[in-house]
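Descriptive analysis of the structure
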Amino acid sequence: MVSKKTKELNKEAIKKAIKGVKNTYSPDKMIIQAVQAFKEEEHLINVEYERLREFYWRYHPEALERVDSVEELTGMIIKGVNRPADTMGYGLSKEELSLMKSYAEGVKEHLKVIDLLEKFINAETIKLAPNTSRIATPLLTARLIALAGGFKELAFMPASTIQLLGAEKALFRHLKRGSRPPKHGVILSHSSVQSAKNKGKAARQLANKLMINLRKDYFGEDG
Amino acid sequence: MKLLLKRKGRYYTKALVPGSVYEEPVITISGNEYREWSPKRSKLGAGLRKGVRNPVKDSSFVLYLGAASGTTVSHVSDLTPKGRVYAVEFAPEPMKHLVLLAKKRANIIPLFANANKPGDYPVKVEPVSVVFQDIAQKNQVQIFRKNCKAYLKKDGTGLITVKARSIDSTKKPSIVFKAAEKELRKDFKILKQTRLEPYEKDHKIYVLKLK
Ligand SMILES: C[S@@+](CC[C@H](N)C(=O)[O-])C[C@H]1O[C@@H](n2cnc3c(N)ncnc32)[C@H](O)[C@@H]1O
């Protein structure tokens, strides 16, 4: 039913759209995906760590008192450690033990992935925005890029907007209901803001510095 | 066979190609598939529920601004089996969905372009009888007027959805709508207007004719 002319136009338009879409590649797209994945893995690993502790609590509760990292716990379970004779832990079957070990191996894979994500984010963000990364750390720079929706978007933002990235909810509440305006978003995590007495002022100064360096990075001047 | 059906208060379009597009329910009536038009996922779908009349005929040319991944465009494509729908979208990720949809639906002409530059569309756009816009941008009314000036036939119909918060999040919606209406009236008569509650908050849809 669709006319021949329309069909031809459809083909032509599809061809152009494919070409146009392909041309929009830029490295920040994958950095943003990596930042989101990093956040999700972080959450996932926390949840799994708690589950793994619950598993191990059934088997060897005495040991858990001294364990305070997921790396340590997965290592212990995979390697296997001896239990004291008077343990409160249950005498688990082969199947039960092997389930716990398989679960720990799964968690270990997630630890590998999050490590890779972090390395990727660091390396790629330093390449993309060396000056900003030096000031803000690559990870914070990458988080800002993700919150802005892209490197270009971030590079064109006024300092006052950069300062509040990650505080959108508080900002919206302020505009809507007149609650106290936020003074800082994710840049709060930066050491210069953390250690400052006047956090609002430090956030403003940092945002200004970031803006200047983002523009240097985006327009390709050396620092 | 009707292209648009109303049953128990719900709207359905006759599927140009079989199958559901966005997981909407599909019903079969005497051998023909009809796709349910969700008022929650589609603002034009919401508009129909609020009394807007379908302006798309079986051979209409439609210019659709802000196509996203093609939820609403798919229904418009159903409604115009002998016409075509030029679907403009400038964000690459949704455009990929739209291209996949257009590969299955030959009456969709996907335009990867900025609606703010109607002179720069990648293929030639012929005069259309309907311009529909759903883009939620500060200058959306201006964008709409430019496109209608360039492509809408004299007796054609314009439809625009306005999202108050996108234009000015600090003002009351009613004030934002008033300002948008004033701007629209420069070129158009407003035939119908309605809020999209309960489907969308602080949105309005306008049906327009060129003056
Ligand atoms: C609310 S969504 C549209 C949803 C769609 N109409 C539907 O019902 O399926 C708005 C879309 O407009 C696009 N958009 C915004 N401004 C635009 C512009 N100037 N040119 C082209 N597309 C634009 C956005 O990328 C987004 O995908």
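Presented here is an overview of the structure given in this document. Please read all numbers here as calculations on a predicted model, not as lab measurements.

Conventions and cut-offs
Residues numbered from 1 in each chain as written. Chains lettered and ligands numbered in written order. Predicted model: local features only at pLDDT ≥ 70, side-chain atom pairs only at ≥ 80, totals over all residues. Heavy atoms only, no water. Helix = DSSP H or I, 4+ residues; strand = E, 2+ residues; numbered from the N terminus. Contact = heavy atoms within 4.5 Å. Near = heavy atom within 4 Å. Polar contact = N/O pair within 3.5 Å; in protein donor to acceptor, adjacent residues only side chain to side chain. Nonpolar A, V, L, I, M, F, W, Y, C, P; charged D, E, K, R; others polar. Buried < 20%, exposed > 50% of the residue type's maximum accessible area, 1.4 Å probe, protein only. Core = buried A, V, L, I, M, F, W, Y, C linked by side-chain atoms within 4.5 Å. Domains from an automatic or database assignment. Pairing = 2+ DSSP bridges. Axes fitted to C-alpha atoms, helices over the stretch in contact; angles between N-to-C directions.

The next point concerns the environment of B:K138. All names here are of chain B. By the element assignment, K138 lies in the loop between β8 (128–133) and α4 (140–151). Each C-alpha atom, one on K138 and one on A164, is 9.2 Å from the other, the two residues being 26 residues apart in sequence. Residues within four places of K138 in sequence aside, it is in contact with S166 and I167.

Residues and elements named next belong to chain B. Around the ligand lies a shell of 16 residues, among which Y64, T72, E89, N114 and A115 are the nearest. Interatomic distance of 3.0 Å between a backbone N/O atom of G66 and a nitrogen atom of the ligand. Interatomic distance of 2.9 Å between a side-chain N/O atom of D134 and a nitrogen atom of the ligand. Residues that form the shell around the ligand fall into these classes: eight nonpolar, five polar and three charged.

The subject of this paragraph is the environment of A:M88. Residue and element names in this part refer to chain A. Residue position: M88 is located in the loop between α4 (70–79) and α5 (94–128). Classification of M88 as exposed rests on a relative accessible area of 62%. Spatially, the C-alpha atom of M88 lies 52 Å from that of A202, the residues being 114 residues apart in sequence. When neighbours within four sequence positions are excluded, M88 is seen to be in contact with P61 and E62.

Residue and element names in this part refer to chain A. By size, the foremost hydrophobic cluster in this structure holds 50 residues, and its most contacted members are Y56, L73, L144 and L154. Those elements giving two or more residues to this core turn out to be α2 (28–59), α3 (61–64), α4, α5, α7 (138–148), α8 (151–155), α9 (159–164) and α12 (199–219). Element by element, the count of residues in this core is highest for α2, at 10 residues. Mapping this core onto the domain boundaries places at least three of its residues in each of domain 1 (27–128) and domain 2 (130–223). What L144 contacts, discounting residues up to four positions off in sequence, is L154, I162, L165, V186, I187 and L210.

Once that is clear, we can look at the pairing of strand β4 (residues 32–36) of chain B. All names here are of chain B. Of all the five residues making up β4, four are buried; the element is thus mostly covered by neighbouring parts of the structure. Bridge analysis of strand β2 (residues 10–14) against β4 gives three bridges, and the strand direction is antiparallel. Bridge pairing links K14 to Y34 in β4. Direction of pairing for strand β3 (residues 26–29) relative to β4: antiparallel, over a ladder of four bridges. When the sheet's bridge partners are listed, I29 is paired in β4 with N32.

Residues and elements named next belong to chain B. Here we have seven strands laid out as an open sheet, ordered β7-β6-β5-β8-β9-β11-β10, and mixed in their pairing. Strand pairing shows two members of the sheet lacking a second neighbour, β7 (108–112) and β10 (188–195), which therefore form its edges. On average, each strand axis in the sheet is inclined to that of its neighbour by 15°, with strand direction left out of account. Where strand β6 (residues 84–89) lies against β7, five bridges are found, and the strand directions are parallel. Looking across to β7, one finds that Y86 is bridged to I109. On top of the sheet, α4 reaches β5 (61–65), β8, β9 (152–163), β10 and β11 (203–210); it is set at about 165° to β9, its chief contact.

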